[in-house]
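Geometric and topological summary
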Amino acid sequence: MNSKVYIETFGCQMNVADTERAATGLRQAGYEMTSTAEAADIVLLNTCSVRERAERKVFRRIGEIRNHAKRAARKKPVIGVMGCVAQLEGSAIFASAPAVDLVIGTRATDRIPSLIERVREGEATVIDLEDRQESEVWDVSPAERRSPYVAFVPIIEGCNKFCSFCIVPYSRGREKSRSAREIVAEVHGLRSLGYKEAQLIGQNVNSYRPQSQEGLEPYSGATSFSRLLRAVADTGMQRIKFTTSFPRDFHPDIVSALEEYPNLCDWVHLPVQSGSDRILKAMRRGHNSEDYLRRVESIKNSRRRLSLTSDIIVGFPGETEEDFEKTMQLVRNCEYDALYIFKYSKRAGTPAAMMDDALPEADKTRRFMALEELQSSVQDRIYNSYVGKTVSVLVERQSARSTEDMTGHSTCHKVVNFRANETRPGEIVDVVISHAKPNSLYGTLMS
Ligand code: SAH
Ligand code: F3S
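Residues numbered from 1 in each chain as written. Chains lettered and ligands numbered in written order. Predicted model: local features only at pLDDT ≥ 70, side-chain atom pairs only at ≥ 80, totals over all residues. Heavy atoms only, no water.

**Some words on the site of ligand 1**
- Taken together, 17 residues lie near ligand 1, and Phe165, Gln203, Gln273, Asp311 and Ser345 sit nearest.
- Asparagine 204 places a polar side-chain atom, nitrogen or oxygen, 3.4 Å from an oxygen atom of ligand 1.
- In the model, an oxygen atom of ligand 1 is placed 3.1 Å from a nitrogen or oxygen of the arginine 285 side chain.
- Burial of ligand 1 by the protein amounts to 91% of the accessible area it has alone, namely 540 Å².
- Looking at the shell around ligand 1, the elements that each hand over two or more residues are β13 (307–314) and β14 (338–343). (Near = heavy atom within 4 Å. Polar contact = N/O pair within 3.5 Å; in protein donor to acceptor, adjacent residues only side chain to side chain. Areas by Shrake-Rupley, 256 points an atom, 1.4 Å probe, with all protein chains shown as cover. Helix = DSSP H or I, 4+ residues; strand = E, 2+ residues; numbered from the N terminus.)

**A look at the sheet that holds strand β15 (residues 390–398)**
- Strands sit in the order β15-β16-β17-β19-β18 around a closed barrel of 5 strands; the barrel is mixed. Averaged over all adjacent pairs, the angle separating strand axes in this sheet is 50°, with direction ignored.
- Relative to strand β19 (residues 440–445), strand β18 (residues 428–436) is paired through 5 bridges, and the arrangement is antiparallel. Bridge pairing links valine 431 to leucine 445 in β19. (Pairing = 2+ DSSP bridges. Axes fitted to C-alpha atoms, helices over the stretch in contact; angles between N-to-C directions.)

**A short note on the site of ligand 2**
- Taken together, Cys159, Lys161, Phe162, Cys163, Phe165, Cys166, Val168, Pro169, Gln203, Asn204, Phe246 and Arg285 are the residues near ligand 2.
- Looking at the shell around ligand 2 residue by residue, the class counts come to 8 nonpolar, 2 polar and 2 charged. (Nonpolar A, V, L, I, M, F, W, Y, C, P; charged D, E, K, R; others polar.)

**Quick look at helix α11 (residues 289–300)**
- Taking 1.5 Å as the rise per residue, α11 with 12 residues should run 16 Å; its terminal C-alpha atoms sit 16 Å apart, in good agreement.
- All of the buried residues in α11 are Ser289, Tyr292, Arg295, Val296 and Ile299. Buried residues along α11 cover an arc of 125° about the axis, so they all sit on one side.
- Looking at the buried positions of α11, the neighbouring elements they touch are α9 (252–260), β12 (267–269), α10 (277–282), β13 and α12 (321–334).
- Regarding α11, its N-cap is asparagine 288, as a side-chain oxygen of that residue lies 3.1 Å from the backbone nitrogen of glutamate 290 further along. (Expected span 1.5 Å × (residues − 1). Buried < 20%, exposed > 50% of the residue type's maximum accessible area, 1.4 Å probe, protein only. Arc of directions from axis to C-beta. Contact = heavy atoms within 4.5 Å.)

As structure tokens, then:
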């Protein structure tokens, strides 16, 4: 009987994509994939370390898996840690969690089958924190994708920006772009398999810089990324989204590409992190608020109504009330369609971890709540402006709230619920919005 592997995924879409890739390789090597830790002979945790809380969750989970095996009087499964915690903590994981047999760095995804083999042959601890090999494949088998309609397509890995608070450049290494030819071929393949949406993903998609322009020759554009957008749009894939855009590298030609191709979706995620120039400088973001607002202007002035979302960190070391007020002001000005707010979390090894003036938790919480309240009033207005309008929705599944409703995402990346009628997951339908909720829209099918 084949050994069964279960992979549990934490964190961002890049981890989801890595899990899909790892599962593809494991299945090719003869393993069977399973959907619960309890049924598995090998459990891999694909981890996130962007904030402390995410990291703690992993160690709790390792304990649970080990204890469950004990209680069930079952042999402990082989336990492997992959993803960002693995890359950052390396062999220290074996000391802090002795149940772990295997540590798999962020660029060792393709070598997982042979690493597992070594554990099974009796090596007590196996670790691989090495770089990717040039020859490796990015194939993902459709059976391993999280959704049969929406596919994540990594276009660039890693990050060279070294924002002072962020651990990602250390956990994911330097930026490495995939070839355009390969990306376009993948999207063509997805389309012929019936996928309705491709999401181009990367820490900073718009820093995309392939080694050659091969595959992009027929397409114009001010940057490799805007050329890639046109090339991918030309595959005819029905919906194309991309995330995350880095403000400093956000060229207005991206907006031009969105205007040229209706299948490039009307949504831009452009994290600002703070509205205070003093804090942006300490964060080493490489942009101030004016640079950022200029990018926002190009998005808001587009011929298409583009939805805009962002990330903000509250309570960065030394953030004063005045700095925070500037963030509030920026949020009022930008009128985001959605905002992801994070309390600053100190990450060992980053420059910000050495800064004095850490803020008390209570201040972070207060600012978090104030910003959340402001955003919810902004969002209320924006969501209500959709009432009476028609949006295009990719139907994903039955709504959790009501068996009579279906749910999906609009092209502008809002959750839309609607009376199901005869619709099925995977269809793209037009929905007339009848009312707005805090984080979703509700409507009926256009007749
Ligand atoms: N590449 C993206 C961000 C990747 S991390 C960018 O352009 O900014 C995703 C989000 O997590 C970040 O945008 C940031 O808001 C948040 N984040 C990263 N490090 C953090 C930390 N140390 N504490 C709190 N939030 C953090
Ligand atoms: Fe992190 Fe800044 Fe890169 S937030 S992922 S270092 S752009």
